Amino acid sequence: MPRNKTCWRVPRRNQNTSEFAAKAREAGLAHLLSGKGSFTIFAPTNSHFNAGSAKGDALRSMVSYYIVPGKIDSAVLARDIEDGSGRAIYTSLEGGKLWAMKEGNRFVIKDEKGNTVTIKEADHYMSNGVIHQLDGVALQQ
C-alpha cells in the first residue's frame, strides 16, 4: 500500500467522504489520521454528514466518535461479533462505545444512544487503517 493512501488523504479526495474529511481537518485530526497509527473510520457519506455549527471541542468530539483505534476490517468485525455472542464492542477515539452486529449479510453499528447505521461499503484499505462507508450519520448526533 503506498504511504500516501492514509486514513486522511483518501477520504478528503473521495467524493463520498470529503465532507467528513473536511470536518476532521477542521477538528485538528488531519495530522493524527495521516500518521503511523492504525485506525478504523466509520465514515458517513457526504449526503448524510452534517456537522452543523459544531466548532472546537464539540466538533472534535463528534468526528472522533467515528474513529476507532486499530485496523478493524470486515473479517475482524465478523470474528469479534462471533466471539462476542452476536455483538462486538469498540471504543472510539472520543471515548464512546460502539457496538457492531450483523443483520443478514450487513454490518450494523450502534452508538450509546441506540442510534444505528449500516455499513454501506466495507474495507477500503489504507496504509494506516481501513475505512467503512456508512449509510447514515446517526452516531452520537
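Figured I'd write up the structure that's included with this text. (Residues numbered from 1 in each chain as written. Predicted model: local features only at pLDDT ≥ 70, side-chain atom pairs only at ≥ 80, totals over all residues. Heavy atoms only, no water.)

### Some thoughts on the overall build of the protein
And step 1. Scanning the protein from N- to C-terminus turns up five helices and seven strands.
And step 2. Scanning the protein from its N terminus toward the C terminus, one meets helices and strands in the order α-α-α-β-α-β-α-β-β-β-β-β.
And step 3. Long-range pairs, those at least 24 residues apart, make up 59% of the contacts in the protein between residues at least 6 apart in sequence.
And step 4. Counting every atom, the protein has about 7,000 Å² of accessible surface; 45% of that belongs to carbon and sulfur. (Helix = DSSP H or I, 4+ residues; strand = E, 2+ residues; numbered from the N terminus. Contact = heavy atoms within 4.5 Å. Areas by Shrake-Rupley, 256 points an atom, 1.4 Å probe, with all protein chains shown as cover.)

### With respect to the pairing of strand β1 (residues 39-44)
And step 1. Within β1, six of the six residues are buried, leaving the element largely enclosed by the surrounding structure.
And step 2. The side-chain alternation of β1 yields two buried faces, one formed by Phe39, Ile41 and Ala43 and the other by Thr40, Phe42 and Pro44.
And step 3. Direction of pairing for β1 relative to strand β2 (residues 67-69): antiparallel, over a ladder of three bridges. Note on β2: the bridge partner recorded for Thr40 is Val68. (Buried < 20%, exposed > 50% of the residue type's maximum accessible area, 1.4 Å probe, protein only. Pairing = 2+ DSSP bridges.)

### Quick word on the pattern of salt bridges
And step 1. Scanning the entire structure with this criterion turns up three salt bridges.
And step 2. Taking the shortest distance from any N to any O, the salt bridge between Lys55 and Glu26 comes out at 3.2 Å. Placement of Lys55 in the loop between β1 and α4 (56-64) and of Glu26 in helix α2 (residues 18-26) is noted, with a sequence separation of 29 residues between them.
And step 3. Note on Lys55: relative accessible area 53%, which makes it exposed.
And step 4. Here Asp80 and Arg79 are joined by a salt bridge, their closest N and O atoms 3.3 Å apart. (Salt bridge = Lys/Arg side-chain N within 4 Å of Asp/Glu carboxyl O.)

### Some remarks on the sheet that holds strand β3 (residues 88-91)
And step 1. Strand order in this open sheet of seven strands is β2-β1-β7-β6-β5-β4-β3, and the pairing throughout is mixed. Each edge of the open sheet carries a strand with a single partner, namely β2 and β3. Strand after strand, the sheet turns through a mean of 30 degrees between neighbouring axes, direction not considered.
And step 2. In terms of strand pairing, strand β5 (residues 106-110) meets strand β6 (residues 116-126) through three bridges, oriented antiparallel. Looking at β6, one finds that Lys110 is bridged to Thr116. (Axes fitted to C-alpha atoms, helices over the stretch in contact; angles between N-to-C directions.)

### Focus: α2
And step 1. Among all positions of α2, only Phe20, Ala21, Lys23 and Ala24 are buried. All buried residues of α2 project into a common sector of 165 degrees when viewed along the axis, lining one side.
And step 2. Gly28 occupies a position one or two residues after α2 and carries a positive phi of about 85 degrees. (Arc of directions from axis to C-beta.)

### What to know about the nonpolar core
And step 1. Grouped together as the largest cluster of nonpolar side chains are 34 residues, with contacts concentrated most on Phe20, Leu33, Ile41, Val63 and Ile67.
And step 2. Residue contributions to this core peak at four residues, all from β1. (Core = buried A, V, L, I, M, F, W, Y, C linked by side-chain atoms within 4.5 Å.)

### Considering unusual backbone geometry
Most peptide bonds are trans, and most residues other than glycine sit at a negative phi.
And step 1. Here the phi dihedral of Ser85 falls at roughly 55 degrees; this positive angle occurs in a residue that is not glycine.
And step 2. Among the structural elements, Ser85 can be located in the loop between α5 (74-83) and β3.

The quantities given are spatial measurements derived from coordinates; they are silent on function.
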